Amino acid sequence: MKIKTLLIGLLIPFAGFAQEFQMVSQELSNPDNVPAPCHPVPHKRQILWNETEFYAFFHYGMNTFTGNEWGHGDEDESIYAPKAMPNPEQWITSVKAAGMTGGIAVVKHHDGFCLWPTETTTHSIAKAGNEYGRTANIPELYAAASKKHNMKYGFYISPWDCNSAHYGKDTYVTEVFLKQCEELAKYGDDQFEMWFDGANGGNGYYGGEGGTRQVDAEIYYDTPNLRARVHQIAPNCVLWGVGGEARWIGNESGYAGETNWAMTDYGGSGVREEGDINGWFWNPGESDAKATNAGWFWHQGESMKSAERLFQMYLETVGRNATLILNCPPDQYGVLPTNTVNELKKLGEMLHKRLALPVDGMDETTAAVDYAKSANIEVSEVRTGGKYDVKNLTDGDKETYWGTNDGSLSATITLSWDTPQTIRYLVMQEPISLGQRIKDFTLEFSADGNTWHELCPVMQTTTVGYKRIIPLNGSTSESYGEGYNAMKLRIKILDSRACPLLSNLCVY
Ligand code: FUL
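Residues numbered from 1 in each chain as written. Predicted model: local features only at pLDDT ≥ 70, side-chain atom pairs only at ≥ 80, totals over all residues. Heavy atoms only, no water.

Let's talk about the nonpolar core
By size, the foremost hydrophobic cluster in this structure holds 82 residues, and its most contacted members are Y80 and L326. For this core, the leading source of residues is helix α6 (residues 170-185), giving eight residues. With 31 residues, the next largest nonpolar core counts A372, L426, L443 and L489 among its residues. (Core = buried A, V, L, I, M, F, W, Y, C linked by side-chain atoms within 4.5 Å. Buried < 20%, exposed > 50% of the residue type's maximum accessible area, 1.4 Å probe, protein only. Helix = DSSP H or I, 4+ residues; strand = E, 2+ residues; numbered from the N terminus.)

Quick look at the domain arrangement of the protein chain
Assigned domains within the protein chain: domain 1 (44-365) and domain 2 (371-507). The three residues of domain 1 that bury the most area against domain 2 are E258, W261 and L315, which together make up 24% of that side's buried surface. Taken together, the links from domain 1 to domain 2 amount to two salt bridges. For K398, the salt bridge identified is with E51, shortest N-O distance 3.4 Å. (Domains from an automatic or database assignment. Buried area = accessible area lost by both parts, 1.4 Å probe. Salt bridge = Lys/Arg side-chain N within 4 Å of Asp/Glu carboxyl O.)

Describing the packing of aromatic side chains
The final tally for this structure, using the stated rule, is 33 aromatic pairs. Ring plane angle 70° and centroid distance 6.0 Å describe the contact between Y60 and Y80, whose orientation is recorded as edge-to-face. Of this pair, Y60 sits in the loop between β1 (54-58) and α2 (62-66) while Y80 sits in the loop between α2 and α3 (88-96); the two residues are 20 residues apart in sequence, bridging distant segments of the chain. Judged by relative accessible area, which is 2%, Y60 ranks as buried. Exposure remark for Y80: the relative accessible area of 0% places this residue in the buried category. Residues Y167 and Y206 carry aromatic rings whose centres are separated by 6.0 Å and whose planes lie at 15° to one another, so their mutual orientation is stacked. (Phe/Tyr/Trp six-rings, centres within 6.5 Å; stacked < 30°, edge-to-face > 60°.)

Structural notes on the sheet that holds β1
What the eight strands build is an open sheet, ordered β7-β4-β3-β2-β1-β12-β11-β8; its pairing is parallel. In this open sheet, the two strands that pair with only one neighbour each are β7 (238-241) and β8 (247-248). Relative to strand β12 (residues 322-327), strand β11 (residues 285-290) runs parallel, the two sharing six bridges. The residue bridging A289 from the neighbouring strand is L326, located in β12. Of the strands in this sheet, β1, β11 and β12 touch helix α9 (residues 307-317), which is tilted by about 150° from β12. (Pairing = 2+ DSSP bridges. Contact = heavy atoms within 4.5 Å. Axes fitted to C-alpha atoms, helices over the stretch in contact; angles between N-to-C directions.)

Digging into helix α5 (residues 138-148)
Taken together, the buried positions of α5 are I138, P139, Y142, A143, A145 and S146. Viewed along the axis of α5, the buried residues span an arc of 165°, placing them on a single side of the element. Contacts from the buried residues of α5 go to β1, α3, β2 (102-108), β3 (152-157) and α6. The backbone nitrogen of E140 has a side-chain oxygen 3.1 Å away, supplied by the residue at the start of α5, namely N137. Just downstream of α5 lies N150, where phi reads positive at about 55°. (Arc of directions from axis to C-beta. Polar contact = N/O pair within 3.5 Å; in protein donor to acceptor, adjacent residues only side chain to side chain.)

Points about the sheet that holds strand β22 (residues 504-507)
Pairing in this open sheet of three strands is antiparallel, and the strands run β19-β16-β22 from one edge to the other. Strands at the two margins of the open sheet, each flanked by one partner only, are β19 (468-471) and β22. Between one strand and the next, the sheet's axes are offset by a mean angle of 10°, whatever the strand orientation. Strand direction decides the pairing type here: strand β16 (residues 425-429) and β22, joined by four bridges, are antiparallel. Following the sheet pairing, V427 is matched in β22 by C506.

Digging into the site of the ligand
Taken together, F57, H59, W70, H109, H110, Y156, W195, D197, D288 and W296 make up the full set of residues adjacent to the ligand. The contact in question runs from an oxygen atom of the ligand to an N or O atom on the side chain of H59, over 2.7 Å. Contact distances for the ligand include 2.8 Å between an oxygen atom and a side-chain N or O atom of H110. Of the residues that constitute the shell around the ligand, the class distribution is five nonpolar, three polar and two charged. (Near = heavy atom within 4 Å. Nonpolar A, V, L, I, M, F, W, Y, C, P; charged D, E, K, R; others polar.)

Points about the pattern of salt bridges
All chains considered together, the criterion is met by 20 salt bridges. A salt bridge links E349 to K345; the nearest nitrogen and oxygen atoms lie 3.5 Å apart. One end of the pair, E349, and the other, K345, are both in helix α10 (residues 338-355), four residues apart, so they sit about a helical turn from each other. Using a relative accessible area of 29% as the deciding quantity, one classes E349 as partly exposed.

Considerations on the environment of R45
By the element assignment, R45 lies in helix α1 (residues 44-52). On the basis of relative accessibility, which here comes to 10%, the residue R45 falls in the buried class. Taking C-alpha positions, R45 is 7.6 Å from P235, a pair spaced 190 residues apart along the chain. The contacts of R45, once residues within four sequence positions are left out, are H231, P235, N236, C237, V238 and E245. At a separation of 2.7 Å, a polar atom in the side chain of R45 contacts the main-chain carbonyl oxygen of P235.

Side note on the side chain of N392
On the secondary structure map, N392 appears in the loop between β13 (376-379) and β14 (402-403). Within the structure, the side chain of N392 is placed 2.9 Å from the backbone oxygen of Y401, a separation counted as a polar contact. When residues no more than four places from it in sequence are discounted, the contact partners of N392 are K387, T400, Y401, W402 and S503.

Okay, structure coming up:
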């Protein structure tokens, strides 16, 4: 603990009186020996965003009725004619049953058709083909349903708009795009993310002129102004993609790099899956993937991926320091089809029973047992200061953490049990408000308490970040498996960018 006492002698020359001295004692502001941040560090809104972990994508709109994946912008508004009143509450409750914590609703895709009555264009539900279409203001219904069910929410608004005559000109950004973003921000100041896709130009209708228009997204969308205007209304809304506050993992197949840093240089396009240990910019990864086997929008006859395959995606994204946004497209009745709902439920049960994910309707008695809580945990070192005890690893409090002293870049954590426990997954979390630190670790287990066997020799056991979930058999693609009967589990942190810190440790 660094405490300095400063002696300040104040000589007060006062005619006729003796010299007077005053003692001032001043403590420097780190009595608890709080570790210095390892830069870059996230903004508070990025930490809240990371905690959302697993959420849905709902691609719904004009394409749901044309069968296209990308419209042209010349679609007659009357084509949008839902066969029943769209029911975003059903979307929300269905994904909640899968263990998701929220979702992003697509409310304007590249075709420019707006699912709310906007001031900026007539190409919207105002001219939809039937009463259901005209009266269902999707952002409004979606935000209300999300709030009702305590789910995070946000909107996808395509920067590229191939309907608008303004697209490619300055007037598009000032008179259409920024205004639309503001209109959407007003549907709730607690939105967690606004999604701006990277497609920026191509063939389109463009108010009837047609042809191709291309822009330079880096400068065209006036990103600093966009961020400022949305944050003024919705301060915790992370502006994804074009907004520069979280990055695209890039493969759209539901996996991130086993090594995955939350840092990149600005944009981070060359290092999407893995980030960059030397990046100066906090730019965490989000993985967008489809739960169905066709496109992003609903298509007749499409099938769902199995719950087991979706579980694998979860391990390879949420389990690798990324978030997972899983697309579940509503159909022409404005609901998620039954096969989607059923598979999502199975996924929720799996996540609950294997990783103790809190899932609506399932209580703790059916959740996976966290064996870290009953383990005796020994560590090679505890940071001085009295606040970094090993019990912080298992106290369920994300604000407390264990760590080593400055300059100690390696450490050993050993968990032991009185009787062997069957273990399959290890979960670790760093307190990322102090930066992402750990860069190399190994895992071993002991069946008899004396001899050690290496685990996951092929997997990259490098980064941890906000969350790392390690299947101890080293494979994310094999199903649940037999597990290991372990008397002990040992984590050796071999290297770190600064003294390693962990806020959470679970073993299932
Ligand atoms: C892409 C878009 O072009 C797709 O249509 C879809 O919306 C996907 C999530 O992002 O860039």
